[in-house]
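# An overview of the molecular structure
Here's the letter readout for the chains.
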Amino acid sequence: MSMFKWTKEADSFLIREWLNLRVVDIAQELGISRDAILRRARKLGIEKKPLDGKRPQYYDWTTEKDAILTKQFKDRSNKALALELGVSVQAVMHRMRKLGLSRGNDGTHHFQWTDESIATLLAFFGRGMTQQKIAEQLNISLAAVRRKIYSLGLSKTHHDNLQKKSFL
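Attention here is on the structure that accompanies the text. (Residues numbered from 1 in each chain as written. Predicted model: local features only at pLDDT ≥ 70, side-chain atom pairs only at ≥ 80, totals over all residues. Heavy atoms only, no water.)

We now examine the packing of aromatic side chains. Each aromatic ring pair is described using two quantities: the centre-to-centre distance and the angle formed by the ring planes. Summed over all chains, the structure comprises 1 aromatic pair. Geometrically, the ring pair formed by F4 and W6 is edge-to-face, given 5.0 Å between the ring centres and 85° between the ring planes. (Phe/Tyr/Trp six-rings, centres within 6.5 Å; stacked < 30°, edge-to-face > 60°.)

Packing of helix α2 (residues 23-30) against helix α3 (residues 34-44) brings their axes to within 8 Å, and their N-to-C directions diverge by 105°. When the axes of α2 and α3 are compared, the pair comes out roughly perpendicular. Across the interface between the two elements, V23, V24, I26, A27 and L30 of α2 pack against R34, I37 and L38 of α3. (Axes fitted to C-alpha atoms, helices over the stretch in contact; angles between N-to-C directions. Helix = DSSP H or I, 4+ residues; strand = E, 2+ residues; numbered from the N terminus. Parallel < 35°, antiparallel > 145°, perpendicular 65-115°, else oblique. Contact = heavy atoms within 4.5 Å.)

Right, let's get into the packing of helix α7 (residues 115-126) against helix α8 (residues 131-138). Running from amino to carboxyl end, α7 crosses α8 at an angle of 145°, the nearest separation of the two axes being 10 Å. In this structure, α7 crosses over α8, and the sense of that crossing is right-handed. Contact residues: S117, T120, L121, F124 and F125 in α7; I134, Q137 and L138 in α8. For the contact of α7 with α8, the per-class residue count stands at 5 nonpolar, 3 polar and no charged. (Left-handed = near helix turned anticlockwise from the far one by under 90°. Nonpolar A, V, L, I, M, F, W, Y, C, P; charged D, E, K, R; others polar.)

What follows deals with α3. Within α3 the residues assigned to the buried category are A36, I37, R40 and A41. In a view along the axis of α3, the buried residues occupy a sector of 135°, so they form one face of it. Among the exposed residues of α3, those pointing more than 90 degrees away from its buried face are R42 and K43. For α3, the elements touching its buried residues are α1 (8-17) and α2. (Buried < 20%, exposed > 50% of the residue type's maximum accessible area, 1.4 Å probe, protein only. Arc of directions from axis to C-beta.)

Here we come to the pattern of salt bridges. All chains considered together, the criterion is met by 8 salt bridges. Close ionic contact of R22 with D25 constitutes a salt bridge, the shortest N to O distance being 3.3 Å. You can call D25 buried: its relative accessible area is 9%. Of the charged contacts, one joins K79 and E29 as a salt bridge, the two residues approaching to 3.5 Å between their closest N and O atoms. One end of the pair, K79, is in helix α5 (residues 78-85); the other, E29, is in helix α2, with 50 residues separating them in the sequence. (Salt bridge = Lys/Arg side-chain N within 4 Å of Asp/Glu carboxyl O.)

With that settled, the discussion passes to the nonpolar core. Residues L121, I134, V145, I149, L152 and L154 are the most contacted members of the largest nonpolar core, which totals 14 residues. Counting residues per element, the ones that place at least two in this core are α7, α8 and α9 (142-151). Top contributing element to this core by residue count: α7, with 5 residues. When residues no more than four places from it in sequence are discounted, the contact partners of V145 are W113, L121, Q131, I134, A135 and I140. (Core = buried A, V, L, I, M, F, W, Y, C linked by side-chain atoms within 4.5 Å.)

Pasting the structure below:
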């Protein structure tokens, strides 16, 4: 495990963003653990976050911010939206969920697995085809393939796959 070297820039970022971002967001930005951020904050003598102030994930969402989010969420990343709106990435994700916004929800339903599509999945998987290729062949999302592989309890070993196929 490599040790993070605290620089003046990292310390400045921590001090500057302490009251603006959540600890996990600061940790993600610096590429280190949440605990490392908390230890450094104690070492620098940074005061604990005020309990009476609004925490970043509970921003006051205005109709203007909601309109920006609703209009731009499909074309821009959560990070870009967070920067523009002056909120955390987690706050953007929480608000999108609350407003019913989803980049993957275009009105279509989840893929409905049939006996035939499961048999095809098992055949492809048994031949060692990648999950991405299986998704392309079935014309469904990679996530749907991964969920089904997991729900069927398939593993990467050929022996386990043969047992699963004969069971099904």
